[in-house]
Amino acid sequence: MKKTKLSALLALSLVLLFAGRAPKYEIGDSVTDFKLKNVDGKMVALSDYKSAKGVIVIFDCNTCPYSKAYNERIQTLNKNYASKGFPVIAINANSPELSPGDSFEEMKAVAKKKNYEFPYLIDETQQVAKSFGASNTPHVFVLQHVGSDFKVAYIGAIDNNTRDAAAADKKYVEEAVDALLAGKAIPTEKTKAIGCGIKWKNV
Amino acid sequence: MRKIALIVFVFFCACQVRAQQVEVVKFDRLQNVIDSKTDKIQVINFWATWCAPCVKELPLFEKLNADKKDVKVTLINLDFADKEKKVESFLSKKKMTTEVLLLDEIDYNTWIDKVDQSWGGAIPATLIINPKNGKRKFIERELQEGELQKLLAEVE
């Protein structure tokens, strides 16, 4: 009797384990390498960034009003920080079936129109977004290059004013990267932001 | 001349009455809804006109609000505050009558956790509170037909 109960419990916990959300990265976690297709057709891997001090990974898309509101700020982040060793990698994980404006062709068009100077990768299987625990667009993960690892240093919003960049008085990502560059503690390691939910397949 | 002015005025008023009014509010107003001490179960839905899954599930909330007298639905709109007119015309077009509050708080980190600690920030999201027993449910995804009824039963 006891044995049946125990095995039932085990079965239940296994079900919960697989039914629940995939484990997601927290601050300090090492990120598993990923390799995704860029808008230029070439594959880009995190492990390609051997000489970088870190990367600013941004889950983004074409269609979300918040992504649009932040578009220039994302480009500015790359302009200001790529040369300092923290380039931007933008990743679109939206299912094009659910959001046709986020197809690979549309991504190419946006990257061209906006002259993206950073990779804009498609996460077709959505596995990278899931492993990061990305939920919204735009959703930022600042990674620090430590030895051969990339460790999560900041998760959240770009700043505290979605509508108006000039009115933002907390620039979370800039402050995080500046702190990493200066070897100081990051003032705010985690924030939340209202955004468009990532359009997950078959939900 | 005065007569015409009066007619125009009356006509204008009549139009105003028919159109759904959207109240632009700060977080304290939403906090009052969350903390309200009534017998009615509070159903609070976070949405925006640009959010397709939110728009899709709106009729479920509209129907719930009309059908269940022991439930109070409040729709918290997250369009930007300067889009008040856009939200109003959207609601008129959809013939919505449920109360809509446009939350003018763009520093999200000051209030997201006060709604629910587990909220990652994606919408649609729905908070259900039974003030009588303190039970609450928070769902961060689109709801399907019939799900609201299940959630309401869970907080009874």
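Residues numbered from 1 in each chain as written. Chains lettered and ligands numbered in written order. Predicted model: local features only at pLDDT ≥ 70, side-chain atom pairs only at ≥ 80, totals over all residues.

- By the naming in an unreviewed UniProt entry, chain A is Thioredoxin family protein, taken from Ohtaekwangia kribbensis.

1. A look at the overall build of chain B
Here comes step 1: The helix and strand inventory of chain B stands at six helices and seven strands.
Here comes step 2: When the helices and strands of chain B are read in sequence order from the N terminus, they spell out α-β-α-β-α-β-α-β-α-β-β-β-α.
Here comes step 3: Across the 156 residues of chain B, 27% fall into the buried class.
Here comes step 4: Taking the intrachain contacts of chain B between residues at least 6 apart in sequence as the baseline, contacts between residues at least 24 apart amount to 66%. (Helix = DSSP H or I, 4+ residues; strand = E, 2+ residues; numbered from the N terminus. Buried ≥ 20, exposed ≤ 12 C-beta atoms within 10 Å, placed from the backbone. Contact = placed C-beta atoms within 7 Å.)

2. Brief notes about the overall build of chain A
Here comes step 1: Within chain A one finds five helices and nine strands.
Here comes step 2: The secondary structure elements of chain A, listed N-terminal to C-terminal, are α-β-β-β-α-β-α-β-α-β-β-β-α-β.
Here comes step 3: Within chain A, buried positions represent 37% of all 203 residues.
Here comes step 4: Across chain A, contacts joining residues at least 24 apart in sequence account for 71% of those joining residues at least 6 apart.

3. Here's the deal with helix α5 (residues 172–182) of chain A
Given 3.6 residues per turn, any residue in an α-helix points the same way as the ones three and four places further on.
Here comes step 1: Considered for burial, the residues of α5(A) that qualify are A:Y172, A:V173, A:A176, A:V177 and A:L180. In an axial view of α5(A), the angular spread of the buried residues amounts to 125°, which keeps them on one side of the axis. (Arc of directions from axis to C-beta.)

4. Some points on the nonpolar core
Here comes step 1: Judged by nonpolar contacts, the single largest core of 82 residues is most densely connected at A:I56, A:A90, A:I91, A:V142, A:V173 and B:I123.
Here comes step 2: Contact partners of A:I91, with chain neighbours within four places excluded, come to A:L36, A:V57, A:F59, A:D60, A:L121, A:D123, A:V128 and A:A129. (Core = buried A, V, L, I, M, F, W, Y, C linked by C-beta atoms within 7 Å.)

5. Some words on unusual backbone geometry
Note: most residues except glycine have negative phi, and most peptide bonds are trans.
Here comes step 1: Cis geometry marks the peptide bond from A:T137 to A:P138; its omega dihedral reads -10°.
Here comes step 2: Looking at where A:P138 falls in the secondary structure, it is placed in the loop between β6 (136–137) and β7 (139–146).
Here comes step 3: With an omega dihedral of 5°, the bond running from B:I123 to B:P124 counts as a cis peptide bond.
Here comes step 4: Here B:P124 shows up in the loop between β5 (122–123) and β6 (125–129).
Here comes step 5: Notably, A:N115 is not glycine yet its phi reads approximately 55°, a positive angle.
Here comes step 6: Position of A:N115 among the secondary structure elements: in the loop between α3 (104–113) and β5 (120–122).
Here comes step 7: Owing to 7 C-beta atoms within 10 Å, A:N115 belongs among the exposed residues under this scheme.
Here comes step 8: Here A:Q126, not a glycine, exhibits a phi torsion of approximately 65°, which is positive.

6. Here's the deal with the interface of chain A and chain B
Here comes step 1: With 15 residues of chain A at the contact, the number on the chain B side is 13 residues.
Here comes step 2: Considered class by class, the residues forming the side of chain A that touches chain B number five nonpolar, eight polar and two charged. (Nonpolar A, V, L, I, M, F, W, Y, C, P; charged D, E, K, R; others polar.)

7. Structural notes on the pairing of strand β4 (residues 88–92) of chain A
Residue and element names in this part refer to chain A.
Here comes step 1: Of all five residues making up β4, five are buried, and the element is well covered by its neighbours.
Here comes step 2: Where strand β3 (residues 54–59) meets β4, four bridges bridge the pair, whose relative direction is parallel. The partner of I58 across the bridge, within β4, is A90.
Here comes step 3: A crossover connection joins β3 to the parallel β4 through helix α2 (residues 65–81); in handedness this β-α-β unit is right-handed. (Pairing = 2+ DSSP bridges. Right-handed = clockwise from strand over helix to strand, strands pointing away.)

8. Here we look at the sheet that holds strand β2 (residues 41–47) of chain B
Residue and element names in this part refer to chain B.
Here comes step 1: Taken in spatial order, the six strands make up an open sheet running β1-β4-β3-β2-β6-β7, and their pairing is mixed. Because the sheet does not close on itself, it has two edges, and the strands there are β1 (23–25) and β7 (136–139). Neighbour-to-neighbour, the strand axes of the sheet open up by a mean angle of 20°, direction not taken into account.
Here comes step 2: Bridge analysis of β1 against strand β4 (residues 99–103) gives three bridges, and the strand direction is parallel. (Axes fitted to C-alpha atoms, helices over the stretch in contact; angles between N-to-C directions.)

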